[in-house]
Amino acid sequence: MIDKITQDLGDKADYLLNHKCKTIAKERLHLPGPDFVDRIFAPTSRNNRVLNNLDWMFNTGRLAGTGYLSILPVDQGIEHSAGASFAKNPDYFDSENIVKLAIEGGCNAVASTFGVLSSVARKYSHKIPFLVKINHNQILTFPNTYDQVMYGTVKNAYEMGAAAVGATIYFGSPESNRQIVEVANAFAEAHSYGMVTVLWCYLRNPAFKKDKDYHVSADLTGQANHLGVTIEADIIKQKLPENNGGYTALQMGDSSYGKIDKRVYTELTTDHPIDLTRYQLANCYMGRAGLINSGGASGTHDFQEAVATAVINKRAGGMGLISGRKAFQRPMNEGVKLLNTVQDVYLCKEVTVA
């Protein structure tokens, strides 16, 4: 297994597999493991039904019993338009095929919309944990606007048999205060029903694009994660960091933005992607809330990019990968192979925490 991973990483193999993290030591982290629910969640205020659903998620699919998660997310039919998402493989206009891919691919859970999951709930909600995405951005408004709005109720997700709910907040956007209140209330209700909560902690503001795209800076995404765990997200979903210094870039000239300590850049991070991702994890209460990174858009080097993302996440101390377009924008057998390839990174004992 390690030979195949090394092969997929190509000239990045040594850089990613042999990196030693000297910023935040792994001994300070709460790392994934078979006992994660008992060790980390049992002492919290979560009720026993939340623990039961967490346990179900951690003990489903190929990664069962490892403490790692592989989740198939398919909410792009709303977020990116169904045509843009499913034209490459029209089979996924059919909601059942989304759930079939997650099951065949050995995933811990399937994340999708109210409509997708409710359409097949009686057939599948007892076979694989459902993660219902309760809010979305839709891009049919002209001109396009960007805001996360609620598409259903937490009670609706509970009644269809969902194990978890997920939501997105566009931190940094003018609408973020409203979204924080909406999602915080929804997560409190979900916990009362016994459901797990997963937050997509995304940044959205045109000002974050300057010399670089600071929507994926470690310092800003790390703070978004910290806000996410504050409203009791059990699991944080975040894009893999690509740069750093968002706070300092936005404070250039006469502008003043946020607050930061220079030690974030000199002691707590380097420019290595594993160190940048570890800073994201540190903001999740040092891993008490699991960090899963997204797989990104589909392209010409999907398998290699997915393996690299999984290696970075795992070696940083993360909990897994949530990969959608790379899997469903291809024939099902190839999508299954891609999901299994990602899972192999988390099953491989030679890929260790840096």
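For the structure given in this document, a descriptive report is provided here. (Residues numbered from 1 in each chain as written. Predicted model: local features only at pLDDT ≥ 70, side-chain atom pairs only at ≥ 80, totals over all residues. Heavy atoms only, no water.)

**Here's the deal with the overall build of the protein chain**
Item 1. Each helix and strand in the protein chain was counted, giving 17 helices and ten strands.
Item 2. For 354 residues, the compact-globule estimate of 2.2 N^0.38 gives 20 Å, and the C-alpha radius of gyration of the protein chain, at 19 Å, lies within 12% of that figure.
Item 3. Counting every position in the protein chain, which comprises 354 residues, the buried fraction comes to 56%.
Item 4. Considering only contacts within the protein chain whose residues lie at least 6 apart along the sequence, 74% involve residues at least 24 apart.
Item 5. By element, 52% of the accessible surface of the protein chain is carried by carbon and sulfur atoms, the whole surface being about 14,900 Å².
Item 6. Charge separation in the protein chain, taken as the distance between the mean sites of 36 positive and 35 negative side-chain charges, equals 2 Å. (Helix = DSSP H or I, 4+ residues; strand = E, 2+ residues; numbered from the N terminus. Rg over C-alpha atoms; globule rule 2.2 N^0.38 Å. Buried < 20%, exposed > 50% of the residue type's maximum accessible area, 1.4 Å probe, protein only. Contact = heavy atoms within 4.5 Å. Areas by Shrake-Rupley, 256 points an atom, 1.4 Å probe, with all protein chains shown as cover. Lys, Arg positive; Asp, Glu negative; His and termini not counted. Charge placed at Lys NZ, Arg CZ, Asp CG, Glu CD.)

**A few points about the nonpolar core**
Item 1. By size, the foremost hydrophobic cluster in this structure holds 83 residues, and its most contacted members are Leu9, Leu72, Phe130 and Leu199.
Item 2. Ranked by residue count, the leading element in this core is helix H15 (residues 302-316), at seven residues.
Item 3. With sequence-adjacent residues up to four places away left out, Phe130 is seen in contact with Val99, Val110, Leu117, Val120, Ala121, Tyr124, Ser125, Met160, Ala162, Ala163 and Ala164.
Item 4. Counting residues in hydrophobic clusters, the runner-up holds 24 residues, among them Phe36, Leu54, Ile71 and Tyr202. (Core = buried A, V, L, I, M, F, W, Y, C linked by side-chain atoms within 4.5 Å.)

**Some points on the pattern of salt bridges**
When charged atoms on two side chains of opposite charge get close, those side chains can pair.
Item 1. Under the counting rule described, the total for this entry stands at 15 salt bridges.
Item 2. Salt-bridge contacts for Glu334 lead to Arg330; the nearest nitrogen and oxygen are separated by 3.4 Å.
Item 3. Using a relative accessible area of 36% as the deciding quantity, one classes Glu334 as partly exposed.
Item 4. Its relative accessible area of 13% is what places Arg330 among the buried residues. (Salt bridge = Lys/Arg side-chain N within 4 Å of Asp/Glu carboxyl O.)

**Concerning the sheet that holds strand E10 (residues 320-322)**
Strands pair in a sheet through their backbones, by hydrogen bonds, and they do so in one of two ways: parallel or antiparallel.
Item 1. Reading around the barrel, the eight strands line up as E1-E2-E3-E6-E7-E8-E9-E10 and close back on themselves, with parallel pairing between neighbours. Within this sheet the neighbouring strands show an average axis-to-axis angle of 25 degrees, counted without direction.
Item 2. Each of strand E6 (164-171) and strand E7 (196-203) is contacted by helix H10 (residues 176-193), which is oriented at about 165 degrees to E6, the strand it contacts most.
Item 3. Sheet strands in contact with helix H14 (residues 273-282) are strand E8 (235-238) and strand E9 (290-294), and its direction is about 135 degrees off that of E9. (Pairing = 2+ DSSP bridges. Axes fitted to C-alpha atoms, helices over the stretch in contact; angles between N-to-C directions.)

**Regarding the packing of helix H1 (residues 2-9) against H15**
Item 1. For the pair H1 and H15, interaxial distance at closest approach is 8 Å and the crossing angle is 115 degrees. One way to sum up the angle between H1 and H15 is to call them roughly perpendicular. Every pair of crossing elements has a handedness; the one defined by H1 and H15 is left-handed. Residues Ile5, Asp8 and Leu9 of H1 form the contact with H15, whose participating residues are Gln304, Val307, Ala308 and Val311. (Parallel < 35°, antiparallel > 145°, perpendicular 65-115°, else oblique. Left-handed = near helix turned anticlockwise from the far one by under 90°.)

**Some remarks on the environment of Ala190**
Item 1. In this fold, Ala190 is placed in helix H10.
Item 2. By relative accessible area, Ala190 is classed as buried at 0%.
Item 3. A sequence separation of 27 residues divides Ala190 from Ala163, and the C-alpha atoms of the two residues are 9.6 Å apart.
Item 4. Leave out the neighbours within four places in its chain, and Ala190 touches Val154, Val165, Met195 and Thr197.

**Regarding the pairing of E7**
Item 1. Burial analysis of E7 places eight of its eight residues in the buried class, which makes it a mostly covered element.
Item 2. Judged by which residues are buried, E7 turns out to be covered on both faces: Val196, Val198, Trp200 and Tyr202 on one side and Thr197, Leu199, Cys201 and Leu203 on the other are all buried.
Item 3. Where E7 lies against E8, three bridges are found, and the strand directions are parallel. Opposite Trp200, over in E8, you have Lys237 as the bridge partner.
Item 4. Viewed along the sheet, the connection from E7 through helix H11 (residues 218-230) into E8 turns out right-handed. (Right-handed = clockwise from strand over helix to strand, strands pointing away.)

**Some details on the packing of aromatic side chains**
Item 1. Counted according to the given criterion, the structure contains nine aromatic pairs.
Item 2. Judged by centre distance (4.6 Å) and plane angle (20 degrees), the rings of Tyr158 and Tyr193 are stacked. In this pair, Tyr158 sits in helix H9 (residues 154-159) while Tyr193 sits in helix H10, placing the two residues 35 residues apart along the sequence.
Item 3. By relative accessible area, which is 38% here, Tyr158 ends up partly exposed.
Item 4. With a centroid separation of 6.1 Å and an interplanar angle of 65 degrees, the aromatic rings of Phe208 and Tyr257 are classed as edge-to-face. One end of the pair, Phe208, is in the loop between E7 and H11; the other, Tyr257, is in the loop between helix H12 (246-250) and helix H13 (263-266), and 49 residues separate them in sequence.
Item 5. For Phe208, a relative accessible area of 3% gives the class buried.
Item 6. Note on Tyr257: relative accessible area 30%, which makes it partly exposed.
Item 7. Its end group placed over the ring of Trp200, Lys133 keeps NZ or CZ at 5.2 Å from the ring centre.
Item 8. For the cation-ring pair, Arg204 lies above Tyr170, with the distance from its terminal atom to the ring centre recorded as 4.5 Å. (Phe/Tyr/Trp six-rings, centres within 6.5 Å; stacked < 30°, edge-to-face > 60°. Lys NZ or Arg CZ within 6 Å of the ring centre and 35° of its normal.)

**A short note on the packing of helix H6 (residues 95-104) against helix H17 (residues 332-347)**
Item 1. Where H6 meets H17, the axes come as close as 9 Å, and the angle between the chain directions of the two elements is 45 degrees. Judged by the inter-axis angle, H6 sits oblique to H17. With respect to the hand of their crossing, H6 and H17 are arranged in right-handed fashion. Listed contacts from H17 to Asn97, Lys100, Leu101 and Glu104 of H6 are Met332, Gly335, Val336 and Leu339.
Item 2. In the contact of H6 with H17, the residues fall into four nonpolar, two polar and two charged. (Nonpolar A, V, L, I, M, F, W, Y, C, P; charged D, E, K, R; others polar.)

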